[in-house]
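The chain contents come next:
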Amino acid sequence: MGRRQRDFVDSWEDLPEGEWLENDENGNHWYLDVEGNYWQSTDDGYRIWVDEEEDTSSSATESMYQYESDEDEGGEDDVEEEEPGPSPRLGVGTALLGIGLALIVIAWTFFITMPTAELNIELQSSEATQWDGEMSKVFLDGLELYQLLNTVTLVISAVMIGLAVMTITKKTPWWTVSASNFALLCVLFIASLVAFSSEQKSVDACDPLVYYCYGFEQPSILLIDAFYPALFSLAAFFYIFNTSLKTWADFDPNQEPEPELDIQIFSRDAPKLGAFPALIGLVTGLAVLAFTQIVSVAEAVENIDIANDLGMVDMAEMFETVLFYNQLAVGLSGFVVLVSLLSLIQKVPWWTLPASCFLLIPCLFIIVNKSDYNGLTTFEQDAFFTGVGSLFAAMIIGVSAFRTLANHEWEELDGDEGYNDIGGTNSFDLYDDEEELQEWRGKVRTAAMVLLVLVAGIGGFFLQQYVTSSANEPTFNIRDANGVLSDGSGDELVVLDLMDKTRKFSEETIEVKIESDGNEFGEVVCRWKQAGKCTFEYLEIFDDRTLTAMESILISEGGSVDWCSGAADETCKITVGVYHSRSTENEDMQVSVEVIELGSYTITVV
């Protein structure tokens, strides 16, 4: 294709070589170039004049070419880009839910999860407080990875907030909030499993010859800080994902867009909250104020006095820091009460009560962070309960605030005012049969939700199996006593080794029953160091009258019964049942005994 000349220029300076002609009766300028083209002045520049008949016949041909720019300019003409068509947009309420979830995860992770992990890292890094051997190394490696995942959690939460804000302004597709929520959910569950696995491996590495392993706190997924925001994220993901699919499935590109509203949320005419959220804020503020002043502040003052009397200056300074934040929480909760009263009488705009709550919540979680020296877990701290309660109250108030905004009658904007939504309805390429497309999208949504519920159920089952795998392992391991069987009585039969490091049993509370396929007595109770049809004794490492890991029970024949013959080529199948008797006393001083089966074990001895 040959090089073509442009038919339009912006100014007379860009005209090709030629000569000026006389102006016409309308005052238009005319110019003749060296190639014989007539140029006519227009409102925006100069254009080659074309006869109407010639223009009609050549318009189709001209549209097939793209004119190149002059060599002096060295660029291409600007081509106006076609605006994209309309696409599904997620609702503001769902985006606000994503923001609320991300804020909860950030507060929980930053004020609870990460400080607790950092404290454990410091303890395991100190020679004075770390455990010995492999136990400390395994735990420390897991904590470092756990802390890295907590940092990733904060980053993803911040990204989720940004995407949700962009969703509110209709700058992101319908699936972005769900995608960020899914990423957050995965990281939180992975972090929970990493923390649980590190604790489990640490307990498994415990040496019973060095520690009383049963004295260590046993691993539980319910004690992992990251597990609870993971549950919040899972619940939110079900709703956000379902809402996102519904938005996509029900989208109609030919529907007229809703008119833009003149939303001035911080103006004098901004809506006011109703009585319900105001009462929620009032009750929450009063409860936090009373509990913090009566309980938390009083405990902090008492602890300061005790520390000063004992000369523990560093400890007294820590208590003073906690006292400061408790007093600050009292002041902020009083401010929430004041704002709630003003909201109740419709004197403040909708945003003041949620804002006052979000000032109080971080202060309460900071108190939890500063109180980690008292030996209590996060879930046992006083400020944890007030903080979580305030968090749920803030969520209720936030939902009420959104409903207030959604139900408020805003003035419509005229013309092109307001933000410019993406696309128009004239450039959307839809299938010919819109009803068929809507039906297909509905089926996809249903299948996706069914698959999500199925995956969640299977994942929950495997998670439950994983976290309880150690509890499902047998308490004892049975083995041959390696004694020489004879035709007489008194032979050593089997040995039960206690494998569970997490438990201990008093020797007086253990009961052993055995039965063999070679005698007619059935199940017989063995006596501890007493004569009978069978007897047993403890093979202890520590002489403390307590059966712990790596200690055993040796079961032998009684003085009058030959359980297993020593004849050649004969085997003896022995089944041993182990029971633990536990006594409890009720309020009426009545003692009841509960017998718990510790397992039934079978072995064939030769």
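Refer to the preceding data block for the structure.
Going along each chain's sequence as written, the residues are numbered from 1 onward. In keeping with the predicted nature of the model, local features appear solely for residues at pLDDT of at least 70, side-chain atom pairs appear and are counted solely at 80 or more, and the whole-chain, interface and lining totals rest on all residues. For the side-chain quantities, the full set of heavy atoms in the structure was used; hydrogens and water were omitted.

(A) Just the pairing of strand β4 (residues 38-41), in detail. Only protein chains enter the accessibility calculation, which uses a 1.4 Å probe; a residue is then buried when its area is under 20% of its type maximum, exposed when over 50%, and partly exposed in between. Put simply, DSSP marks the helices as runs of H or I at least four residues long and the strands as runs of E at least two long, and each gets a number from the N terminus on. Alternating positions in β4 separate cleanly, W39 and S41 being buried on one face and Y38 and Q40 remaining unburied on the opposite face. Taken together, the three bridges between strand β3 (residues 30-33) and β4 define a ladder with antiparallel strand orientation. Within β4, the position partnered with Y31 by the bridge is W39. At least two bridges found by DSSP between two strands are what make those strands a pair. Connecting β3 to the next strand, β4, in antiparallel fashion are four residues, including G36 with a positive phi near 90 degrees. Two strands pair when backbone bridges link them, and β4 and strand β5 (residues 46-48) are joined in this way by three bridges, in the antiparallel orientation. Its bridge partner lying in β5, Q40 is registered against R47. Once β4 ends, the chain turns through four residues before running back antiparallel as β5, passing G45 with a positive phi of about 160 degrees.

(B) How the structure looks around a negative patch on the surface. On the surface, a cluster of negative charge is contributed by D10, E13, D14, D43 and D44. Checked against the element boundaries, D44 lands in the loop between β4 and β5. Accessibility expressed as a relative area gives 47% for D44, which makes it partly exposed. To count toward a patch, a residue needs a relative accessible area above 30% and no salt bridge. Like charges then connect within 9 Å, nonpolar side chains (Val, Leu, Ile, Met, Phe, Trp, Tyr) within 5 Å. Where accessible areas are quoted, they stem from the Shrake-Rupley method and a 1.4 Å probe; at the residue level, only the protein chains shown are allowed to cover. Counted as salt bridges are all cases of a side-chain nitrogen of Lys or Arg within 4 Å of a carboxyl oxygen of Asp or Glu. All tallies of charge rest on Lys and Arg as positive and Asp and Glu as negative; His and the ends of each chain are not included. Throughout, a charge is located at the NZ atom of Lys, the CZ atom of Arg, the CG atom of Asp or the CD atom of Glu.

(C) Inspection of the sheet that holds β3 at higher detail. Read across the open sheet, the five strands follow the order β1-β5-β4-β3-β2; overall the sheet is antiparallel. Two strands in the sheet have a free side with no partner beyond their single neighbour: β1 (8-9) and β2 (18-21).

(D) Summary view of empty space enclosed by the protein. Using a 1 Å grid laid over the protein atoms alone, points where a 1.4 Å probe fits but cannot get out form a cavity; open sets with protein on both sides within 12 Å along at least 5 of 7 lines form a pocket; any residue with an atom within 4 Å of a point counts as lining. Grid points are joined across faces, edges and corners, and a volume is the space filled by probe spheres set on the points. Under the defined criterion, the tally for this structure stands at one cavity of 30 Å³ or more. Considered as a void within the structure, the largest cavity measures approximately 60 Å³ in volume. Lining the largest cavity are 10 residues, and of these P208, C213, Y214, T548 and A549 lie nearest its centre. Only Asp, Glu, Lys and Arg are considered charged, only Ala, Val, Leu, Ile, Met, Phe, Trp, Tyr, Cys and Pro nonpolar, and every remaining residue, Gly among them, polar. Tallied by class, residues from the lining of the largest cavity come to seven nonpolar, one polar and two charged.

(E) Structural detail: helix α6 (residues 275-309). An expected span of 1.5 Å times one less than the residue number is assigned to each helix. Compared with an ideal rise of 1.5 Å per residue, which puts 35 residues at 51 Å, α6 spans 50 Å between its outermost C-alpha atoms and is within 8% of the ideal. Roughly 40 degrees is the biggest bend found in α6, and it falls at T292. Of the residues one or two after α6, G311 is the one with positive phi, at around 75 degrees. Note that bend, as reported per residue, equals the angle between axes fitted to the 7 residues terminating at that residue and the 7 residues originating from it.

(F) Representation of the pattern of salt bridges in the model. As enumerated under the stated definition, the model contains four salt bridges in all. With a shortest N-O distance of 3.2 Å, K137 and D141 are connected by a salt bridge. Of this pair, K137 and D141 both sit in helix α3 (residues 134-168), separated by four residues, roughly a single helical turn. For K137, a relative accessible area of 48% puts it in the partly exposed group. Of the charged contacts, one joins K513 and E511 as a salt bridge, the two residues approaching to 3.7 Å between their closest N and O atoms. Residue classification places E511 among the partly exposed positions, given a relative accessible area of 29%.

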